[in-house]
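Each chain, written out:
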Amino acid sequence: MENLTNFFSLQTTPEDLGFEILDNDFLKADAQDKKSFITKRPSVSYWADAWRRLKENKVAMVALGFLIIVIIFAFIGPYFVKGDYTTQFRGDENLYPSLKYPFGTDKLGRNILTRTMYGTRVSLIVGVFASLIVLIIGSLYGAISGYFGDKIDLVMMRVIDLVYSVPDVLVVILISIGINEPLRSWVNNSHSAFAQKLSTLGPALISIFIAFGLLYWVGMARVIRGQVLMLKQQEFVMAVNALGGSKWRIIRRHLYPNCIGQIIVMTAMQIPSAIFLESFLSFLGIGVQAPMTSLGAMAADALGGIYSFAYRLIIPSIILSLMILSLNLFSDGLRDALDPRLKK
């Protein structure tokens, strides 16, 4: 006990304890010793770390590679083929796939490869724009509901429950029928470029965008509301409140940036849902208007000659299935990469 007391005493020296410290006891570390030291992990940003973890997910990267190929096929491919989706090649009707027409031709002599490119483009554009509508409405609604809370949150959540009970496909069909005649009348009386673009899209696609703005934002709103309910109890939000920051500034500058991971994942997961809905409606005949086409419309056109020209149904169906599968797989990988709770 006395030795321990002397050891911790400031006046105690190593010689008093009976041992001597030599110069050989302190040697410089060689290269092998330095390699054995545990080094600290380099500091990286949130996005760099998310990208690193996404790259480690081979399934998600394969899906991303396929999506890039599909985008090139849809948006760049038409520049390397002859004609567009309306061009008819007289004398080349109902041809099977060949070197001249890799996907064959239809009964009007139109190149199915070109129409598949434009159909894929339409499906991707519908998916992206519909998901952006969901992003804007759902994130704003959920942030307001979660931050203000109390009676406002109670009323807004009951509205979401009401929207959940509405049959979405029926609403899309009713909207499409309701705006069909007004849209045609307005396009016929207007000669603006915007009116012509709406005429090309048709009432069904416009009704899809309206339906997504009315119905499909509820999932996004619930996720963002849950995140905001958790974040608004954090110290940094309390500090901004104490400094007199306005509620809208807190939502815009402090809550939204901390929900960006969930916002991106939910938006990415909404794209395949929009693509599937558009293809389903086009397959039923209430989608894009001829001569414009989409993958669902091409599948519907192929039903008439399914026994003689089965490739006309198989080609758009395979592309649509692989595209939706790739979007879902990539969205799952994106969710795992952006979720800090899954960080090792």
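Residues numbered from 1 in each chain as written. Predicted model: local features only at pLDDT ≥ 70, side-chain atom pairs only at ≥ 80, totals over all residues. Heavy atoms only, no water.

1. Topic: the overall build of the protein chain
Argument step 1. Check the secondary structure of the protein chain and you find 14 helices and 0 strands.
Argument step 2. Residues counted as buried form 40% of the 344 residues belonging to the protein chain.
Argument step 3. Sequence-distant contacts in the protein chain: of pairs separated by 6 or more residues, those separated by 24 or more amount to 72%. (Helix = DSSP H or I, 4+ residues; strand = E, 2+ residues; numbered from the N terminus. Buried < 20%, exposed > 50% of the residue type's maximum accessible area, 1.4 Å probe, protein only. Contact = heavy atoms within 4.5 Å.)

2. Considerations on the pattern of salt bridges
Argument step 1. Applying the stated criterion to the full structure yields 10 salt bridges.
Argument step 2. The shortest N-O distance in the salt bridge between Arg225 and Asp153 comes to 2.7 Å. Highlighted residues: Arg225 in helix H9 (residues 218–231) and Asp153 in helix H6 (residues 150–164), separated in sequence by 72 residues.
Argument step 3. Take Asp153: its relative accessible area is 11%, and that puts it in the buried class.
Argument step 4. Here Arg335 makes a salt bridge to Asp336, at a shortest N to O gap of 3.4 Å.
Argument step 5. Here Asp336 falls in the partly exposed class, since its relative accessible area comes to 29%. (Salt bridge = Lys/Arg side-chain N within 4 Å of Asp/Glu carboxyl O.)

3. Topic: the packing of aromatic side chains
Argument step 1. Enumeration according to the criterion identifies 8 aromatic pairs in this entry.
Argument step 2. Considering the side-chain rings of Tyr141 and Trp217, the 4.7 Å spacing of their centres and the 50 degrees angle between planes classify their relative orientation as tilted. Placement of the pair is Tyr141 in helix H5 (residues 112–148) and Trp217 in the loop between helix H8 (193–214) and H9, with a sequence separation of 76 residues. Here Tyr141 and Trp217 have matching classes, each one buried.
Argument step 3. Of the aromatic side chains, those joined through ring pairs into one cluster are Tyr96, Phe309 and Tyr311.
Argument step 4. Lying across the ring of Phe309, Arg312 places its NZ or CZ 4.0 Å from the centre. (Phe/Tyr/Trp six-rings, centres within 6.5 Å; stacked < 30°, edge-to-face > 60°. Lys NZ or Arg CZ within 6 Å of the ring centre and 35° of its normal.)

4. Digging into the UniProt feature "transmembrane region" (unreviewed entry) in the protein chain
Argument step 1. Summarizing the sequence annotation, UniProt attributes the feature "transmembrane region" (unreviewed entry) to residues 59–81, 124–147, 159–180, 200–224 and 310–330 in the numbering used throughout.
Argument step 2. Along residues 59–81 the backbone is 74% helical and 0% strand, and the end-to-end C-alpha distance reaches 32 Å.
Argument step 3. In residues 310–330, the share of helix is 95% and the share of strand is 0%. The end C-alpha atoms are 30 Å apart. (UniProt positions renumbered as here; feature names shortened; annotations may be inferred.)

5. Thoughts on the side chain of Thr120
Argument step 1. Take Thr120: it is sitting in helix H5.
Argument step 2. The residues touching Thr120, leaving out its near neighbours within four places in the chain, are Val70, Phe73, Ala74, Leu295, Ile319 and Met323.

6. With respect to helix H4 (residues 58–75)
Argument step 1. Helix length check: H4 (18 residues) gives 26 Å between terminal C-alpha atoms against 26 Å at 1.5 Å per residue, within 8%.
Argument step 2. Its buried side turned inward, H4 meets helix H3 (46–56), H5 and helix H14 (311–338).
Argument step 3. Between a side-chain oxygen at the N-terminus of H4 and the backbone nitrogen of Val59 the separation is 3.3 Å; the capping residue is Asn57. (Expected span 1.5 Å × (residues − 1). Polar contact = N/O pair within 3.5 Å; in protein donor to acceptor, adjacent residues only side chain to side chain.)

7. Quick word on H9
Argument step 1. End to end, H9 covers 20 Å across 14 residues, agreeing with the expected 20 Å (1.5 Å per residue, within 8%).
Argument step 2. Elements that come into contact with the buried residues of H9 comprise H5, H6, helix H10 (235–242), helix H11 (247–258) and helix H12 (260–284).

8. Looking at the nonpolar core
Argument step 1. Core analysis: the biggest nonpolar cluster contains 44 residues, and Ile208, Phe212, Trp217 and Leu255 have the highest contact counts within it.
Argument step 2. Those elements that provide at least two residues to this core are H5, H6, helix H7 (168–189), H8, H9, H10, H11 and H12.
Argument step 3. The biggest single contributor to this core is H5, with 9 residues.
Argument step 4. Beyond its immediate stretch of four places on either side in the chain, Ile208 contacts Val126, Val172, Leu277, Glu278 and Leu281. (Core = buried A, V, L, I, M, F, W, Y, C linked by side-chain atoms within 4.5 Å.)

9. A word on the confidence of the model for the protein chain
Argument step 1. Taken residue by residue, the protein chain gives an average pLDDT of 80. The fraction at 70 or more is 83%.
Argument step 2. By mean pLDDT, the top-scoring element of the protein chain is H4 (93), and the lowest-scoring one is helix H1 (residues 2–7) (52). (pLDDT = per-residue confidence, 0-100.)

10. Observations regarding the packing of H5 against H12
Argument step 1. At their nearest, the axes of H5 and H12 sit 7 Å apart, and the two run at 135 degrees to each other. As far as their axial angle goes, H12 and H5 are oblique. Crossing angle aside, the handedness with which H5 passes H12 is right-handed. In this structure, H5 contributes Val122, Ser123, Leu124, Val126, Gly127, Val128, Ala130, Ser131, Val134, Leu135 and Ser139 to the contact, and H12 contributes Ile263, Thr267, Gln270, Ile271, Ala274, Ile275, Glu278 and Ser279. (Axes fitted to C-alpha atoms, helices over the stretch in contact; angles between N-to-C directions. Parallel < 35°, antiparallel > 145°, perpendicular 65-115°, else oblique. Left-handed = near helix turned anticlockwise from the far one by under 90°.)

11. Brief notes about unusual backbone geometry
Argument step 1. With phi around 55 degrees, Asn94 is a residue other than glycine that occupies positive phi space.
Argument step 2. For Asn94, the position within the fold is in the loop between H4 and H5.
Argument step 3. Phi at Asp150 is positive, roughly 55 degrees, even though this residue is not glycine.
Argument step 4. Within the secondary structure, Asp150 is located in helix H6.

12. A closer look at the environment of Leu170
Argument step 1. The residue Leu170 is located in helix H7 in this model.
Argument step 2. A relative accessible area of 46% means that Leu170 is categorised as partly exposed.

13. Structural notes on the environment of Met298
Argument step 1. Note on placement: Met298 falls in helix H13 (residues 295–302).
Argument step 2. Considered as a pair, Met298 and Gly119 are 179 residues apart in the sequence and their alpha carbons are 7.8 Å apart.
Argument step 3. Not counting residues within four places of it along the chain, the set of residues in contact with Met298 comprises Ile112, Arg115, Thr116, Thr293, Arg312 and Pro316.

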